[in-house]
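# Chain and residue survey
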Amino acid sequence: MNKAVTNSPFEDKGYFRRQYPRRAMKRKVGILCDGTYFVCDSGEVGEGGMSILSDYVLTEGHELVVSFQVPGGDFVFLRGTVRSTQKRG
């Protein structure tokens, strides 16, 4: 089996199958969902979305308001929809 070695700046191991690559962004993210606000950690971010690590159970289709500070930039509030979930191992 051949393994390609890459010096890609993208941390996401599945980035080759993504339409929009993501970059690692480890920071606290505020989430507002169904009237509940909680803080969790982000994993990766890109033009096509953001991964978060949450103890709060989210399901596909949940609408969210996400707030975080862009590294070296502004504090932003964005609307989003949960597209996929994975249980923690």
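Residues numbered from 1 in each chain as written. Predicted model: local features only at pLDDT ≥ 70, side-chain atom pairs only at ≥ 80, totals over all residues. Heavy atoms only, no water.

On a plain count of helices and strands, the protein chain comes out with 0 helices and 6 strands. Across the 89 residues in the protein chain, those meeting the buried criterion constitute 25%. The long-range fraction of contacts in the protein chain, counting pairs at least 24 apart against all pairs at least 6 apart in sequence, stands at 33%. Taken as a whole, the protein chain presents about 7100 Å² of accessible surface, with 49% of it coming from carbon and sulfur. (Helix = DSSP H or I, 4+ residues; strand = E, 2+ residues; numbered from the N terminus. Buried < 20%, exposed > 50% of the residue type's maximum accessible area, 1.4 Å probe, protein only. Contact = heavy atoms within 4.5 Å. Areas by Shrake-Rupley, 256 points an atom, 1.4 Å probe, with all protein chains shown as cover.)

This part covers the nonpolar core. Listed in full, the 11 residues of the largest apolar core are Met25, Val29, Ile31, Cys33, Phe38, Cys40, Leu58, Leu64, Val66, Phe68 and Val82. Among the elements of the structure, β2 (28–33), β3 (36–46) and β5 (63–69) are those that each provide at least two residues to this core. Leave out the neighbours within four places in its chain, and Ile31 touches Thr36, Tyr37, Phe38, Cys40, Ile52, Leu64, Val65 and Val66. (Core = buried A, V, L, I, M, F, W, Y, C linked by side-chain atoms within 4.5 Å.)

Of the residues in the protein chain, 79% have a pLDDT of 70 or more, and the chain-wide mean is 82. Within the protein chain, no element has a lower average pLDDT than strand β1 (residues 22–24), which sits at 88, and none a higher one than β2, at 97. Long-range and interchain partners of residues 1–12, a stretch whose pLDDT sits below 50, account for 12 contacts in this model, where long-range means more than four residues apart. (pLDDT = per-residue confidence, 0-100.)

As a further point, take the environment of Gln19. Relative to the helices and strands, Gln19 resides in the segment before β1. Owing to a relative accessible area of 66%, Gln19 belongs among the exposed residues under this scheme. As for Gln19 and Gly48, which are separated by 29 residues in sequence, their C-alpha atoms are 7.5 Å apart.

Turning our eyes to something else, we now look at the pairing of strand β4 (residues 49–53). Here 5 bridges tie β3 to β4, and the two strands are oriented antiparallel to one another. Bridged to Ser42 within β4 is Ile52. In sequence, β3 turns back onto β4 through a hairpin of 2 residues. (Pairing = 2+ DSSP bridges.)

The pairing of β5 with strand β6 (residues 75–81) spans 7 bridges and is classified as antiparallel. What sits directly across from Val66, in β6, is Leu78. Connecting β5 to the antiparallel partner β6 that follows it, the hairpin turn spans 5 residues, and Gly72 within it adopts a positive phi of roughly 70 degrees.

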